[in-house]
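Single-letter residue listing:
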Amino acid sequence: MSQPFDVAELAATYATKSPQDILKLAFSQFGDDLWISFSGAEDVVLVDMAWKLNKNVKVFSLDTGRLHPETYRFIDQVREFYKIDIELVSPDHTRLEPFVKEKGLFSFYKDGHGECCGVRKIEPLRRKLSGVTAWATGQRRDQSPGTRSQVAVLEIDSAFSTPERTLYKFNPLAQMTSEEVWGYIRMLELPYNSLHERGFISIGCEPCTRPVLPNQHEREGRWWWEEATQKECGLHAGNLISKG
């Protein structure tokens, strides 16, 4: 493995290359140490591309305990379709139970989604990534103009790196549009979350996700009661940090 390497230089070199080329770079640098983050929406494209390059690809998904039934079924569909394991990472019950006891199940409608996401998503992800050298996400620049428009194809993960350990983050689909993603899914007849057939585009936890109307941006279906420019749960907090 030829690391450490110049992240900025490689990010510039690969900025206009295909998702497959970016994944080839990731596997060449990290091999089986690379983990694919599968969020249960259209990240099947990322899984498909990675699996075709490495049948031993490692995939994980965050199970917040509040996902739609359709999302859980979709995760199993993908697991069966590729004959791969998808590691489900769950919240720490010693943090979740006191939070629910104090705040109930829908406090985020009153005081924002940050605390709930912290318990159900950020802590489990931090725990998972603490033993990971590199991960790849399905982030795209067109997903959220307010926070993801500058997403790089390769970066040091500013949110989850520590002074002792650098975490490398690949975003192979950064340049793909929603139209291109769905063209790929339809062309190869890949499985997808059935919620997409009901107007859902960006799919997260059930209480915080709703369908969008024609011509609405996909991110308008997430945390619709909050300020539009801050619609990140913290999984990609580096997007907000880099904008500051």
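Because the structure is predicted, anything quoted here is derived from the model rather than measured. (Residues numbered from 1 in each chain as written. Predicted model: local features only at pLDDT ≥ 70, side-chain atom pairs only at ≥ 80, totals over all residues. Heavy atoms only, no water.)

S.K.: So what about the nonpolar core? Which residues, and what values?
M.R.: Among the nonpolar cores identified, the biggest contains 43 residues, and Leu34, Ile36, Phe38, Val44, Val45, Leu154 and Phe170 are the most heavily contacted of them. Elements supplying a minimum of two residues to this core: helix 1 (7-13), helix 2 (19-30), strand 1 (34-37), helix 3 (44-53), helix 4 (69-82), strand 4 (134-136), strand 6 (168-170) and helix 8 (178-188). For Phe38, the contacting residues outside a window of four places in its chain are Asp43, Val44, Val47, Val59, Phe60, Ser61, Leu62, Phe74, Ile75, Val78 and Ile86. Judged by nonpolar contacts, the second largest core, of twelve residues, contains Trp35, Ile122, Ala159 and Leu167. (Core = buried A, V, L, I, M, F, W, Y, C linked by side-chain atoms within 4.5 Å. Buried < 20%, exposed > 50% of the residue type's maximum accessible area, 1.4 Å probe, protein only. Helix = DSSP H or I, 4+ residues; strand = E, 2+ residues; numbered from the N terminus. Contact = heavy atoms within 4.5 Å.)

S.K.: Go over the UniProt feature "binding site: [4Fe-4S] cluster" (unreviewed entry) in the protein chain, please, and point to the residues and values.
M.R.: The positions that UniProt labels "binding site: [4Fe-4S] cluster" (unreviewed entry) are, in the present scheme, Cys116, Cys117, Cys205 and Cys208. These residues run over 93 residues, yet every pair of their C-alpha atoms falls within 10.9 Å of each other. Within the annotated group, the residues that form the lining of the second largest cavity are Cys116, Cys117, Cys205 and Cys208. Following the sequence through the fold, Cys116 ends up in helix 7 (residues 114-129). Its relative accessible area of 11% is what places Cys116 among the buried residues. Apart from the residues lying within four places of it in its own chain, the contact partners of Cys116 are Phe99, Phe108 and Lys121. Tracing the backbone through its elements, the reader meets Cys208 in the loop between helix 8 and helix 9 (238-243). According to the relative accessible area criterion, Cys208 is buried, its value standing at 9%. (UniProt positions renumbered as here; feature names shortened; annotations may be inferred. 1 Å grid on protein atoms, 1.4 Å probe; cavity = no way out; pocket = protein on both sides within 12 Å on 5 of 7 lines; lining within 4 Å.)

S.K.: An account of the confidence of the model for the protein chain is requested, with residue identities and associated values reported.
M.R.: Averaged over every residue, the pLDDT of the protein chain is 88; the share at 70 or more is 87%. Note that pLDDT drops below 50 for residues 239-244; the model gives that stretch twelve contacts with residues more than four away or on any other chain. (pLDDT = per-residue confidence, 0-100.)

S.K.: Summarise the sheet that holds strand 3 (residues 86-89); cite the residues concerned and give the values.
M.R.: Read across the sheet, six strands follow the order 3-2-1-4-6-5 without closing on themselves; strand pairing throughout is mixed. Strand pairing shows two members of the sheet lacking a second neighbour, strand 3 and strand 5 (154-156), which therefore form its edges. Across the sheet, the mean angle separating the axes of adjacent strands is 30° when strand polarity is ignored. Across four bridges, the pairing between strand 2 (residues 58-62) and strand 3 is parallel. Each bridged residue has a counterpart across the sheet, and for Phe60 the counterpart in strand 3 is Glu87. Helix 2 contacts strand 1, strand 4, strand 5 and strand 6 of the sheet and is inclined by roughly 155° relative to strand 6. (Pairing = 2+ DSSP bridges. Axes fitted to C-alpha atoms, helices over the stretch in contact; angles between N-to-C directions.)

S.K.: Go over unusual backbone geometry, please, and point to the residues and values.
M.R.: Phi at Lys83 takes a positive value of approximately 55°, unusual for a residue other than glycine. Counting through the fold element by element, Lys83 comes out in the loop between helix 4 and strand 3. In this structure, Glu189 takes a positive phi of about 55° despite not being glycine. Within the element layout of this structure, Glu189 appears in the loop between helix 8 and helix 9. Since its relative accessible area comes to 66%, Glu189 is described here as exposed.

S.K.: Provide a residue-level description of helix 7, including the pertinent values.
M.R.: For helix 7, built from 16 residues, the straight-helix expectation of 22 Å at 1.5 Å per residue is missed by more than 12%, its first-to-last C-alpha distance being only 20 Å. At Ile122, helix 7 shows its maximal bend, which comes to roughly 35°, and the proline Pro124 appears one to four places after that position. Among the residues making up helix 7, those that are buried are Cys116, Cys117, Val119, Arg120, Lys121, Ile122, Glu123, Pro124, Leu125, Lys128 and Leu129. On its buried face, helix 7 is in contact with strand 1, strand 2, strand 3, helix 5 (93-103), helix 6 (108-111) and strand 4. (Expected span 1.5 Å × (residues − 1). Bend = angle between axes of the 7 residues up to and from the residue.)

S.K.: Describe the side chain of Glu123, naming the residues involved and giving the relevant values.
M.R.: Along the chain, Glu123 falls in helix 7. Given a relative accessible area of 14%, Glu123 falls into the buried group. Residues within four places of Glu123 in sequence aside, it is in contact with Asp92, Arg95 and Gly118.

S.K.: Give me the lowdown on the packing of aromatic side chains, citing residues and values where you can.
M.R.: Enumeration over the complete set of coordinates arrives at 13 aromatic pairs. For the ring pair Trp182 and Tyr192, a centre distance of 5.3 Å and an interplane angle of 75° mean the geometry is edge-to-face. Of this pair, Trp182 sits in helix 8 while Tyr192 is found in the loop between helix 8 and helix 9, placing the two residues ten residues apart along the sequence. By relative accessible area, which is 30% here, Tyr192 ends up partly exposed. Here a set of aromatic residues connected by ring pairs shows up, and it is made of Phe5, Phe30, Tyr168 and Phe170. Positioned above the aromatic ring of Trp51, the side-chain terminus of Lys55 is 4.3 Å from the ring centre. The ring of Phe106 has Arg66 lying over it, and the distance from NZ or CZ to the ring centre is 5.0 Å. (Phe/Tyr/Trp six-rings, centres within 6.5 Å; stacked < 30°, edge-to-face > 60°. Lys NZ or Arg CZ within 6 Å of the ring centre and 35° of its normal.)

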